[in-house]
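Here is what each chain is made of, one letter per residue.
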Amino acid sequence: MGIHFGGTMHVTTKPAADELHVVYSRIRSELLRFARARSGDDAEAEDIVQDVWLRIESREPLPVENPRSYLFRMANNMVIDRQRDRWRRQTNGRLWRDWTTDFLDPALEPSDRARDIETTLIMQEEALLLHRAIERLPSGAGRVLRLHKIEGFSHAEVALQLNISRSAVEKHMAVAMRYLRRILADHGYGGGGYCGGDLTRRR
Amino acid sequence: MPEDAILAALRWQDAIDTDRVDWSAFTAWLESDPAHNQAYDEIAQIDRLLRQRRRAIGAGTAVARKIVGHRNHRPCPSDAGSSRY
């Protein structure tokens, strides 16, 4: 499948552990410009590019197939995550730590464990919210969204499977994304009025 | 949000997903109009949330079935995107 998941590393047999650092140094100014365009803030962009460096410094030295793309993708994901963390803090007042972790670590201290349990509960609520929102989409938009975002097919692959044009895929996706955006904004993702508590209770 | 900005943002996201994106051209597009970054950010936020919750949406459907009696649950494929970046 042609999908690449948010910077997933493509392990090759090449011993090129330092390539990311070399590429980073070469494209740092481009990364900074990109982070500025995405975040709209010079200081935030500097922080992001610095965080990209810290992350590649601390990662396992595995070679990646496309270092340039890997670094841009990492910066892009950092912009997204920082923005979302801000929304969550603003709207919910809870502490959000590593909320990409899907499993609890049994070695954690009890306080960390409690926080992780809370995070896990929120993730379940988010999943349920998204699941319900997807179920309410118009059938065409729902089918396209599931194939593209849940099953991971590209626009071209979805078009082929459903025997529709790419332009039709894009239009269905636009409907789906607008709808999901409205639902998420209602729950505080994007500056809406999220009151905290049970995401699934509000409709 | 203008429809054409959303459609363009969706195409950029698809190009990123399939690793066919020209990052310099993407940067130039973002810079060319504030509405472009706004449209892309909306798409990207939802995309990332769906991606990160892909497996949990599967679990969520189980929760949903239990809580609200959903019957049409389809298991989701495992999420290769659970790594942070």
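Just above, that's the structure.
This section reports on the structure supplied with the text. (Residues numbered from 1 in each chain as written. Chains lettered and ligands numbered in written order. Predicted model: local features only at pLDDT ≥ 70, side-chain atom pairs only at ≥ 80, totals over all residues.)

With respect to the overall build of chain B
Working step 1: Helix and strand counts for chain B come out as 4 helices and 0 strands.
Working step 2: Sequence-ordered secondary structure for chain B, helices as α and strands as β, is α-α-α-α.
Working step 3: Sorting the 85 residues of chain B into buried and exposed places 44% on the buried side.
Working step 4: By sequence separation, contacts in chain B at least 24 residues apart represent 55% of the contacts at least 6 residues apart. (Helix = DSSP H or I, 4+ residues; strand = E, 2+ residues; numbered from the N terminus. Buried ≥ 20, exposed ≤ 12 C-beta atoms within 10 Å, placed from the backbone. Contact = placed C-beta atoms within 7 Å.)

Points about the overall build of chain A
Working step 1: Secondary structure assignment for chain A yields 7 helices and 0 strands.
Working step 2: Starting at the N terminus, the α and β elements of chain A follow one another as α-α-α-α-α-α-α.
Working step 3: Here chain A, with 203 residues, has 35% of them falling under the buried criterion.
Working step 4: Here the analysis covers contacts within chain A between residues at least 6 apart in sequence; of these, 61% occur between residues at least 24 apart.

Here's the deal with the packing of helix α5 (residues 139–150) of chain A against helix α7 (residues 166–186) of chain A
Geometrically, a packed helix pair is captured by the angle between its two axes and the distance between the axes.
Residues and elements named next belong to chain A.
Working step 1: Running from N to C, α5 and α7 point in directions that differ by 100°, and their axes come no closer than 8 Å. In terms of their interaxial angle, α5 and α7 are classed as roughly perpendicular. Only Val-169, His-172, Met-173, Val-175 and Ala-176 of α7 make contact with α5, whose side of the interface consists of Gly-140, Ala-141, Val-144, Leu-145 and His-148.
Working step 2: Residue classes in the contact of α5 with α7 are distributed as 7 nonpolar, 3 polar and no charged. (Axes fitted to C-alpha atoms, helices over the stretch in contact; angles between N-to-C directions. Parallel < 35°, antiparallel > 145°, perpendicular 65-115°, else oblique. Nonpolar A, V, L, I, M, F, W, Y, C, P; charged D, E, K, R; others polar.)

Brief notes about the packing of helix α1 (residues 19–39) of chain A against helix α2 (residues 42–58) of chain A
All names here are of chain A.
Working step 1: The interhelical angle for the contact between α1 and α2, taken along N-to-C directions, is 150°, at an axis separation of 8 Å. Accordingly, the angle class assigned to the pair α1 and α2 is roughly antiparallel. Crossing hand, α1 versus α2: right-handed. Contacts between α1 and α2 involve Leu-20, His-21, Tyr-24, Arg-28, Leu-31, Leu-32, Ala-35, Arg-36 and Ser-39 from the former and Asp-42, Glu-44, Ala-45, Ile-48, Val-49, Val-52, Trp-53 and Ile-56 from the latter.
Working step 2: Here the residues of the contact of α1 with α2 are counted per class, giving 11 nonpolar, 2 polar and 4 charged. (Left-handed = near helix turned anticlockwise from the far one by under 90°.)

A short note on the environment of Leu-10 of chain B
Working step 1: Structurally, Leu-10 of chain B is set in helix α1 (residues 3–17).
Working step 2: Owing to 24 C-beta atoms within 10 Å, Leu-10 of chain B belongs among the buried residues under this scheme.
Working step 3: Along the primary structure Leu-10 of chain B and Pro-34 of chain B are separated by 24 residues, whereas in three dimensions their C-alpha atoms are 16 Å apart.
Working step 4: Setting aside residues up to four positions removed in sequence, Leu-10 of chain B forms contacts with Glu-170, Met-173 and Ala-174 of chain A together with Ile-43 of chain B.

Examining α2 of chain A
Residues and elements named next belong to chain A.
Working step 1: The first and last C-alpha atoms of α2 sit 25 Å apart over 17 residues, in line with the 24 Å expected at 1.5 Å per residue.
Working step 2: Those residues of α2 lying buried are Ala-45, Ile-48, Val-49, Val-52 and Ile-56. The buried residues of α2 occupy one face: seen down the axis, they fall within an arc of 95°. Opposite the packed face of α2, turned more than 90 degrees from it, sit the exposed residues Ala-43, Leu-54, Glu-57 and Ser-58. (Expected span 1.5 Å × (residues − 1). Arc of directions from axis to C-beta.)

Considerations on unusual backbone geometry
Working step 1: Not every positive phi belongs to a glycine, and Asn-163 of chain A is a case in point at roughly 55°.
Working step 2: Secondary-structure assignment places Asn-163 of chain A in the loop between α6 (155–162) and α7.
Working step 3: With phi around 55°, Asp-19 of chain B is a residue other than glycine that occupies positive phi space.
Working step 4: Its location among the elements puts Asp-19 of chain B in the loop between α1 and α2 (23–32).
Working step 5: By C-beta crowding, Asp-19 of chain B is classed as partly exposed, having 16 other C-beta atoms within 10 Å.

As for the nonpolar core
Working step 1: The biggest cluster of nonpolar side chains holds 62 residues, and the ones touching the most others in it are Val-52, Leu-71 and Ala-75 of chain A.
Working step 2: Contact partners of Val-52 of chain A, with chain neighbours within four places excluded, come to Tyr-24, Leu-31, Leu-71, Met-74, Ala-75 and Met-78 of chain A. (Core = buried A, V, L, I, M, F, W, Y, C linked by C-beta atoms within 7 Å.)

Bear in mind that shape data such as this cannot, by itself, settle questions of function.
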